[in-house]
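Coordinate analysis (summary)
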Amino acid sequence: MSIEVIRSGLLSTVQDEGRFGQRRYGIHPGGAMDTFAARVSNMLVGNTRNAAVIEMTMTGSELRFEDDQLISLCGADLSAKVDDMDIPMWRPIVMPAGAVLRFGQCRSGLRTYMAVAGGIDVPVIMGSRSTDLKTGIGGIDGRALHVGDKLRIGKPSTEASMILDFWGTKRKSDVHRVKATAWYFSSNEWPGYHEEPVIRIVPGIEDRGFTEESLRTFYEEPYLVSPQSDRMGYRMQGAVLERKQAREQRLSEAVTYGTVQIPADGQPIILMADHQTIGGYPVLGQVARVDLPILAQARPGTRVTFRQITFREAEMLWLEQERHLRLAENFIRSRMVAGMEELR
């Protein structure tokens, strides 16, 4: 089973949850930028949460399905179509053999995630299938998708196989049509994807080195996502953060996804999925984990407001999100078995 890349798009890569345990070698985890959308997309097709998906940025790829496949699309709305049919998001979809999936205008967000039942089958390197563009490992030869690539698909779960068999064998007269379930992952359960998102930050001890006026302004006035932003880090444009005294010598320290660094120009940099493993800039704080997917969907020019919260608040937000996701996973698994006839 495979999918052929007819058009590559702006930046489409194979990603999973990341390459962990390799920091001592200077290799960052990487993985999907919007971990929430990637995880839900995998849920909807019966995959494990770490199955490899395709991450598409701003403009999607054009993909031909060489076999019947069960897919889902979550994250940014890139106007997916098969022929003249709009393809709905956040739900399982049966794509018949020969169907060509195309994407158009980016209506909202920045990155969309296409999961396929069985996952994208590329080699596991250092515990992950994720593409690391900087080191050139993972995915397909460590690079973005190219025209002519053939993406192999792994073995679908029992639930996904049942759906594919149901429509491939019992409904032969109807098998050439795209089918989508009547049920879907509700927007009520999404993170706060908004045009002007509010990003919550747990302050670090180094925020004491900035003037009170600077910190007050940082948490009151919006910043813009700079065009000089990528999978490594988002540069923010707004009020300058001023230090109480001239910058002192400091040792580099470990950084992670969501670390807020303040370089000499006083304009924040928020480290993203492909961040370096250590950094020498002062650290203002850490973006709450539940808000990282929101930031990952912010396009250049997006107005972002920051709000300070405690570590305990960030922890409780994450635990609540995990509880909802696990409930959703159980529901989805039951619907995949019981609700095949709901495909339309």
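Here is what the cut-offs are and how they apply
- Residues numbered from 1 in each chain as written.
- Predicted model: local features only at pLDDT ≥ 70, side-chain atom pairs only at ≥ 80, totals over all residues.
- Heavy atoms only, no water.
- Helix = DSSP H or I, 4+ residues; strand = E, 2+ residues; numbered from the N terminus.
- Rg over C-alpha atoms; globule rule 2.2 N^0.38 Å.
- Buried < 20%, exposed > 50% of the residue type's maximum accessible area, 1.4 Å probe, protein only.
- Contact = heavy atoms within 4.5 Å.
- Pairing = 2+ DSSP bridges.
- Axes fitted to C-alpha atoms, helices over the stretch in contact; angles between N-to-C directions.
- Phe/Tyr/Trp six-rings, centres within 6.5 Å; stacked < 30°, edge-to-face > 60°.
- Salt bridge = Lys/Arg side-chain N within 4 Å of Asp/Glu carboxyl O.

1. Structural notes on the overall build of the protein chain
The secondary structure content of the protein chain amounts to 5 helices and 21 strands. Taking 2.2 N^0.38 as the reference for a compact globule, 344 residues should give roughly 20 Å; the C-alpha atoms of the protein chain span a radius of gyration of 21 Å, in line with that estimate. Along the longest, intermediate and shortest principal axes, the C-alpha atoms of the protein chain span 75 × 40 × 35 Å. Burial status across the protein chain gives 53% buried among its 344 residues. Counting only contacts in the protein chain whose residues sit at least 6 apart along the sequence, the fraction spanning at least 24 positions is 78%.

2. Examining the sheet that holds strand E14 (residues 223-225)
Backbone hydrogen bonds hold the strands of a sheet together, and the pairing may be parallel or antiparallel. Within the closed barrel, the 7 strands sit side by side as E13-E20-E17-E18-E15-E14-E21. Their pairing is mixed. When strand polarity is set aside, the average angle formed by the axes of neighbouring strands in this sheet is 40°. Across 3 bridges, strand E17 (residues 259-261) lies against strand E20 (residues 283-287) in antiparallel orientation. Each residue of the ladder has a partner; that of Val260, found in E20, is Gly285.

3. Structural notes on unusual backbone geometry
Both trends apply: most residues other than glycine have a negative phi, and most peptide bonds are in trans. The backbone phi angle of Ser79 is positive, close to 55°, even though this residue is not glycine. For Ser79, the position within the fold is in the loop between strand E5 (69-77) and strand E6 (81-82). Backbone geometry at Asp83 places phi at a positive 55°, although glycine is not the residue there. Here Asp83 is to be found in the loop between E6 and strand E7 (85-86). Of the residues examined, Asp83 reaches a relative accessible area of 62% and is grouped as exposed.

4. Re the packing of aromatic side chains
Summed over the entire model, instances satisfying the criterion amount to 10 aromatic pairs. Judged by centre distance (4.7 Å) and plane angle (5°), the rings of Phe218 and Phe306 are stacked. Of the two residues, Phe218 sits in helix H3 (residues 212-220) while Phe306 sits in strand E21 (residues 303-308), which places them 88 residues apart along the sequence. Residue classification places Phe306 among the buried residues on the basis of a relative accessible area of 1%. Chaining the aromatic ring pairs together yields one cluster made of Phe36, Trp90, Phe185, Trp190 and Tyr193.

5. A short note on the pairing of strand E1 (residues 2-7)
Sheet analysis places E1 next to strand E11 (residues 150-152), joined by 3 bridges and oriented antiparallel. Among the inter-strand pairings, Ile3 is bridged to a residue of E11, identified as Leu151. For E1 and strand E4 (residues 62-65), the ladder comprises 4 bridges, and the chain directions are antiparallel. Its bridge partner lying in E4, Ile3 is registered against Phe65.

6. Regarding the pattern of salt bridges
Once the charged atoms of two side chains with opposite charge are near each other, the side chains can pair. Enumeration over the complete set of coordinates arrives at 19 salt bridges. Two residues, Asp86 and Lys81, come together in a salt bridge whose shortest N-O distance is 2.5 Å. For Asp86, a relative accessible area of 46% gives the class partly exposed. For Lys81, a relative accessible area of 31% translates into the label partly exposed. A salt bridge links Glu196 to Arg303, with the nearest nitrogen and oxygen atoms 3.4 Å apart.

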